[in-house]
Structures are given as C-alpha cells and as structure tokens.
Amino acid sequence: MSRPLKLIGNAGSPYSRKMRAVLRYRRIPFEWVRQNSAEAMALPKPKVPVIPVLGFVDENGECTEVMTDSSPQIMRLEEMHTGRSVVPTDPVVAFIDYLIEDFADEWTTKMMYHYRWYYDGAIDKAGRLLPLHAAVTVPDEQWHSMTDWVTERQISRRALVGSTEQNRPIIEDSYVRLLHLLDAHLTEHDYLFGTRPSRADFGLVGQLSQLTWWDPEAVAVAVRESSRTVVWTEHTDDLSGLSVDGDAGWCDRDSIPSTTLALLHEAGRTYAPFMLANNEAFDSDTEMLTCTIDGATYSQGRFGYQRKCLAWIREEYAALADADRSAVDELLRGTGCEQLFL
Ligand SMILES: N[C@@H](CCC(=O)N[C@@H](CS)C(=O)NCC(=O)O)C(=O)O
C-alpha cells in the first residue's frame, strides 16, 4: 500500500515552501495539506504549534506521528529514502552545506519577515491574502477581522525577529549583498554544490520564495538586483523533473565553487555574530542580545530555538573526523564563520 506523507503548511510560509520543494525534488509521495483546512484539523497536533508539520502514516492508513522543524525533517527523509539525496557525499562539503542551510533558516528569515511586515504594500497584500489560505469561501466579515488580527499580530512580532528601525539597514543591506552573491553564482552554476540541489539551496529558496515572488517591495529589489535569483527560486521550487544519476553531480571539498564559499563571508558577517550574541545572552541571563554587524549595533530579544541550532551545528563540527575538521577549518578561515567553533 502506498502511504504518502502529509505535509501541513502554508504557501506564505518560507519553511513550508522549503519542505515542499525538497519532497518534490526527491519524488517522495506526499499530500500537501493546507494549514487550518478541515484535513489539517483532523491530524494530530505537534507539541509546538509551528508549520511545516510532516505527518507519517502507519500501516492502517492513520497519521499517528507528526514532527516539526525543517532541518530535522530533511534528515528524517534521508533515513527513509535513499535516492536523490540532498546531502552532499563529501562530509566536508556536507558540513558547509549544513552551515549555509542554517544561515538561510536563521538569518535570511529576518529579511523575509522584515519585508513582509515593514512596508505598506507587503502588509496590505499579506493582510488580505493570508487569511484566505484556510478557505477562499470565508465570509467577508470573518475575513476582514482575520486581516486585522493577523496584521496586528505579525507587526507586533517584528521586533522578536529583529525587524526594528535600528536593525533595518543591517537586514536590508544583507539582502542586497545576498542577491549579488547569488547572482554571481548563478551566472555559472545551477546549484551551490554541483549540478544537483542540496539542503542549502532549499533553505535559501524557502525564504526567497517569499522575498523574490511575494512581498512587493522585496520582489522589486530582487528583480532589479538579481533577476537570475528570482527565476532560480521559481525553478528550484519544483525540481521533480530534474535528472540525477545516483550520487553523481556533487562537487568535492577541493572544487566547491568560489561563489559558494563567498556566501560564508556573508554568513560570517551577519549570522555568526548574531548566533554567538544570542548564545551569550542565555549564558549571561540577559533578555536582549547585542552585537556589532558591519560596524553597526544590532540588537533583539534572545531566541531559544537559535541557541539549539548553534548547539546542533557545533555537534556536527565535533563529530567530523580530524582530517575533515581540518579541511573545514581551512575553508572557514577568514570568513567570520570560524568564530562559531572556537
Ligand atoms: N525552525 C522551524 C521554523 C518554522 C517556523 O518558524 N514556522 C513559522 C511560519 S513560517 C510558524 O509556524 N510560526 C508560528 C507563529 O508565527 O505563531 C523550521 O525549520 O521549520
């Protein structure tokens, strides 16, 4: 009996789009279940109410297990299915891939949230459209009250992810640099680590599915600064038709494109000081974190999940064989990312 997985998500959610793109590329049978739909309501709830949720169906056809968080979801899928893996075969390349995936998930998501809930065009669009995702038939009165509710709630949460006046230039400048870096890469390559996509590609594409296609102000910046990135994002959203031959198509540690390594400098400039300051805020029992990014002061409230992310990535680093760890150190030297592992 075929037992497709359930992916409960929302088209306006970057991590949902990341996971849907992974499942499509991997040709793993799944059902896309819209958040808040009748079908979603009938499924078990995860411990933490976030999307995307991956649901596993047992031999009786019942969805009995659900899990959250896209990075562990991807690794669970790697255990269940072998073909069309998204983890590079060289452990050194795999580590760099994981680091860039985490940069996409934990730093570029600030761009996504900022461009959605700071500018008037985006706020108006998201406020109108997001409530209709549950059902387009929602009565007008309910729709309008949901518009007000979601708009107020999300704007009030901006500071939680760092979208403040003080941080705005840091986040927006990083977005433009990211577009330039991807543009340089996409001039010569389709994916970050070879001729097939990896976790890092999907992590970036999740956030970019919103930034480069959805939120009007962010879309305008992307079309102007890197048209290639806009189109790449659309392509990578559904790679079910891409031919991949076994484990072929990955670069090895000595052939990582320089334009991919350049992304580590952007991560080292932004994500690394942020992740360290976040960790430090927990160590010193301080509610707010503060760090210097590009000579400017960045601050926001500390975030528990990102402390876990740093611990996980440090575990991966510690688990590398000695020779592999030395090769990783060599690649990270001078990027700013090395400070994560001191
Ligand atoms: N680390 C999670 C993040 C998931 C996440 O933050 N999802 C957001 C939507 S994109 C959410 O559900 N937020 C709940 C809320 O806003 O209340 C992942 O990788 O999937």
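In this text, all values refer to a predicted model and were calculated from it rather than measured experimentally.

So, the overall build of the protein
Scanning the protein from terminus to terminus reveals 15 helices and six strands. Expected size for 342 residues packed as a compact globule is a radius of gyration near 20 Å; at 20 Å, the protein falls within 12% of this value. Oriented by its inertia axes, the alpha-carbon framework of the protein measures out at about 60 × 55 × 40 Å. Considering the protein as a whole, with its 342 residues, one finds that 53% of them fall into the buried category. Contacts in the protein between residues far apart in sequence, at least 24 positions, make up 74% of those at least 6 positions apart. Of the roughly 15200 Å² of accessible surface on the protein, a fraction of 52% belongs to carbon and sulfur atoms. Charge centroids of the protein, computed over 34 positive and 51 negative side chains, lie 3 Å from each other.

Digging into the site of the ligand
Residues in close proximity to the ligand include Ser-13, Pro-14, Tyr-15, Pro-49, Val-50, Ile-51, Pro-52, Asp-69, Ser-70, Arg-153, Arg-157 and Tyr-305, which together make up its full environment. In the environment of the ligand, a nitrogen atom lies 3.2 Å from a nitrogen or oxygen atom belonging to the side chain of Asp-69. One nitrogen or oxygen atom from the side chain of Ser-70 is found 2.6 Å from an oxygen atom belonging to the ligand. Compared with its free state, where it exposes 510 Å², the ligand has 76% of that area covered by protein. Of the residues contributing to the shell around the ligand, the split by class is seven nonpolar, two polar and three charged. In this structure, the shell around the ligand is formed jointly by two domains, domain 1 (5–80) and domain 2 (91–341), each of which donates at least three residues.

So, the packing of aromatic side chains
Scanning all chains against the criterion turns up 12 aromatic pairs. Ring centres of Phe-103 and Tyr-271 lie 6.2 Å apart, and the angle between their planes is 85°; this geometry places the pair in the edge-to-face category. Residue Phe-103 is located in helix H4 (residues 91–117), and its partner Tyr-271 is located in helix H13 (residues 271–283); the two are separated by 168 residues in the primary sequence. Each member of the pair, Phe-103 as well as Tyr-271, is classed as buried. Seen in terms of ring centroids, Trp-107 and Phe-274 are 6.1 Å apart; in terms of plane orientation they differ by 55°. Their pairing is tilted. Separated by 167 residues along the polypeptide, Trp-107 in helix H4 and Phe-274 in helix H13 bring together distant segments of the chain. Judged on exposure class, the residue Trp-107 and its partner Phe-274 are both buried.

Some points on the domain arrangement of the protein
In many reports, interface size means the accessible area that the parts give up when they come together. You can read the domains of the protein as domain 1 (5–80) and domain 2 (91–341). Computed from C-alpha atoms alone, the centre-to-centre distance between domain 1 and domain 2 is 21 Å. Between domain 1 and domain 2, the contact holds 23 residues from the first and 26 residues from the second. Where domain 1 abuts domain 2, roughly 2100 Å² becomes buried across the two surfaces, and 51% of that area is made up of carbon and sulfur atoms. Where domain 1 touches domain 2, the interface holds five salt bridges. Among the salt bridges present, the one from Lys-18 reaches Glu-101, with a minimum N-O distance of 2.8 Å. Between the two partners, domain 1 and domain 2, sit 15 residue pairs in polar contact (both at pLDDT 80 or more). Elements represented by at least two residues in the side of domain 1 that touches domain 2 include exactly helix H1 (14–26) and helix H3 (70–80).

Definitions and limits used
Residues numbered from 1 in each chain as written. Predicted model: local features only at pLDDT ≥ 70, side-chain atom pairs only at ≥ 80, totals over all residues. Heavy atoms only, no water. Helix = DSSP H or I, 4+ residues; strand = E, 2+ residues; numbered from the N terminus. Rg over C-alpha atoms; globule rule 2.2 N^0.38 Å. Buried < 20%, exposed > 50% of the residue type's maximum accessible area, 1.4 Å probe, protein only. Contact = heavy atoms within 4.5 Å. Areas by Shrake-Rupley, 256 points an atom, 1.4 Å probe, with all protein chains shown as cover. Lys, Arg positive; Asp, Glu negative; His and termini not counted. Charge placed at Lys NZ, Arg CZ, Asp CG, Glu CD. Near = heavy atom within 4 Å. Polar contact = N/O pair within 3.5 Å; in protein donor to acceptor, adjacent residues only side chain to side chain. Nonpolar A, V, L, I, M, F, W, Y, C, P; charged D, E, K, R; others polar. Domains from an automatic or database assignment. Phe/Tyr/Trp six-rings, centres within 6.5 Å; stacked < 30°, edge-to-face > 60°. Buried area = accessible area lost by both parts, 1.4 Å probe. Salt bridge = Lys/Arg side-chain N within 4 Å of Asp/Glu carboxyl O.

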